[in-house]
Amino acid sequence: MCGIVGYIGFRQAADICIAGLRHLEYRGYDSAGIAVIAEDGQLDVRKVVGKLAVLGELLEQQPLIGSTSIGHTRWATHGKPSVQNSHPHLSCDGRIAVVHNGIIENYQELRTQLEAEGHTFISQTDTEVMPHLVEKYYEGDLRAAVCQAVADLQGAFAFGVICADNPGQMVAVRRFSPLVVGIGEGENYIASDMGAIRKETDKVYVIADDELALLMPDSIELTDLDLNPIQREVFVIPWPADAAEKAGHKHFMHKEIHEQPEAMHACLAGRLSDPDKSIVLEGLNMTEAEIKSLRKVVLTACGTAYNAGLVGRFIMENLARVPSEADLAAELRARDPVVLDNTLCIVISQSGETADTLVALRDMQEKGAKILSVLNVVDSSIARESDGVVYIQAGPEIGVASTKAYTLQILTLELIALHFAEVRGTASAEQLRELKAALLQMPEHARVLLEREEDVKAIAAKHYEKPNALYLGRGINLPSAMEGALKMKEISYIHAEGYSAGEMKHGPIALIEPSCFTMAIAVAGEVYDKMIGNIMEIKARSGPVIAVADDGDEQIPVTGVDAEADPDDVASQPNDMIWVPPVPELVSPITVAIPLQLLAYHMADMRGEHIDQPRNLAKTVTVE
Ligand code: AGP
């Protein structure tokens, strides 16, 4: 994820853009840049590697003067953080500047074609094809040239475009990546989200996919890509300017839970676009021969990333048919494992800086394993020591409790396992197609689940004062139970324990009583009937049950209900239900995770806890 802003009006633009970018740093902060149309009619550009403060310092020494400007803060996807790779990107003649959030999937072929037509590129980014395409089509009408350029693109984008020949114009256009147009008086704005411009205006147009905006100081024209006018209601931002950094959310954690649909799009873009096409994983750095000769996969991580690794182990064995195991990083090193040749160690980490995970990586590397990392932060310590890296594209995660990183770690591991299965021929064409189609549906499933937030909140209100909780799952959803319990314990301080439902009779059932709620993950699959049995055991001992089940399931709500029991006894009441869209069991941990994140969030909020900075915890544990 990156952040874009733009200003066109009568004031000096650079300071307004910098202020807007400061609210977008949560979207990316490895490099930043600004372009203005200067008074001499030239485009003037400043770009830096590093946080926005570095750009601010440069602008103090070398100010930008002009009233039409676009700015960008970057979260590297293609090409490492560098001045050349930072935005804005320019056309050959330096007259057109572009900022971009998203991923252009067909950039390689477009770049080859443009180079053959004489265009010169200076970066390794996908974005740089856009200013050259606009230059190719530009004949004096900037909006028309942008429409023609966009027609060549595949992928996700939100662009801001300015041209030195048209100082009184700015063009913005989007597909999948968010974009708003701010409405001022004699001045107008663009931004990746409302928070970036809330200090300037509370009136915006929310731009939809394949829509374009032509901004001038005194007017805004909204059209589709065929330039047919679009009528759009003005949206009045309901929250005050000082809530802008969290884009109106009460906590970063809540914002990041709600970013999952967009982040899932970013994670899939350029990798999986069609259920009938192969998966493309840039950065995997493994030949087909290596994939075919794999004898063992060891996944290792800490905390939430470890829970994602447990899911990864399940899908790797099930799909790629490679013997797999998942170890806590600290434990992997402690047991001094025997590493056979052709062993792949998959290292999972949001930050890429967790000390235990880095040490486990080095230990496995010394023992001869090939290292493939699944990371969020580009160019992090773990990235630099890995043989291959597949980035999850979640954008920066600020909240200490990891949410969007978890679902995107699983999504990325699903892509890797499916790719391995394709190469090794260990899954049928129909199974591959079904699972790819399910992954492509994930952003929409996430959106639907977030729309059901109030239902989860109502359940939280019933149970948030209970001191204990048991989270039960089986098979691929045992990690879901462990992750749901981790979320709950680390922000609400309720003692929640994730456990194999099959182990209930071997101890945990002793904990069941009215003050301990049980979360039972009972989505359709191999273990569904066994989960029915567990729920009955719990209800028979007057344990309150919250159950996760597929939309339309009629059995789970009434499982364990004893009509003879005292009406005040939970055994006589239906279970609290969390409904999820039905998906293939092998991808169900992604959909199950989102309501469990929301449940933990709302219980912690109702208990008045400091959700973004839970006691005793840090976002990144850089000590062993
Ligand atoms: C999860 O909510 C916690 N913040 C913590 O368990 C975290 O997942 C763990 O420290 C691993 O961090 P990493 O993914 O950055 O390596």
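Residues numbered from 1 in each chain as written. Predicted model: local features only at pLDDT ≥ 70, side-chain atom pairs only at ≥ 80, totals over all residues. Heavy atoms only, no water.

Novice: What's the story with the sheet that holds strand 23 (residues 545-550) in this structure? I'm lost.
Specialist: The strands that make up a sheet pair up through hydrogen bonds in the backbone, lying either parallel or antiparallel. Taken together, 5 strands build an open sheet; the order of strands is 21-20-22-23-24 and the sheet is parallel. Of all strands in the sheet, those bounded by a partner on one side alone are strand 21 (495-500) and strand 24 (576-580). Between one strand and the next, the sheet's axes are offset by a mean angle of 20°, whatever the strand orientation. Examined bridge by bridge, strand 23 and strand 24 share 5 bridges and lie parallel to one another. Along strand 24, the bridge assignment pairs alanine 549 with tryptophan 579. The strands that helix 17 (residues 478-492) touches are strand 20 (468-473), strand 21 and strand 22 (516-521); relative to strand 21, the one it contacts most, it runs at about 175°. (Pairing = 2+ DSSP bridges. Helix = DSSP H or I, 4+ residues; strand = E, 2+ residues; numbered from the N terminus. Axes fitted to C-alpha atoms, helices over the stretch in contact; angles between N-to-C directions. Contact = heavy atoms within 4.5 Å.)

Novice: Help me understand the environment of threonine 287, please; the structure alone is not making it clear to me.
Specialist: Within the secondary structure, threonine 287 is located in the loop between helix 7 (260-268) and helix 8 (288-292). Among the residues examined, threonine 287 registers a relative accessible area of 44% and is labelled partly exposed. Distance from threonine 287 to valine 423, taken between C-alpha atoms, is 9.8 Å for residues 136 residues apart in sequence. (Buried < 20%, exposed > 50% of the residue type's maximum accessible area, 1.4 Å probe, protein only.)

Novice: Looking at this structure, how should I read the pattern of salt bridges?
Specialist: Side-chain pairing between opposite charges can occur once the charged atoms of the two side chains come close. Summed over all chains, the structure comprises 31 salt bridges. We note a salt bridge from arginine 433 to aspartate 276, for which the minimum N-O separation is 2.7 Å. Highlighted residues: arginine 433 in helix 14 (residues 429-440) and aspartate 276 in the loop between helix 7 and helix 8, separated in sequence by 157 residues. Accessibility expressed as a relative area gives 38% for arginine 433, which makes it partly exposed. Owing to a relative accessible area of 55%, aspartate 276 belongs among the exposed residues under this scheme. For the salt bridge of glutamate 490 with lysine 487, the shortest nitrogen-to-oxygen distance reads 3.1 Å. Taken together, the residues glutamate 490 and lysine 487, both in helix 17 and 3 residues apart, mark about one turn of the helix. (Salt bridge = Lys/Arg side-chain N within 4 Å of Asp/Glu carboxyl O.)

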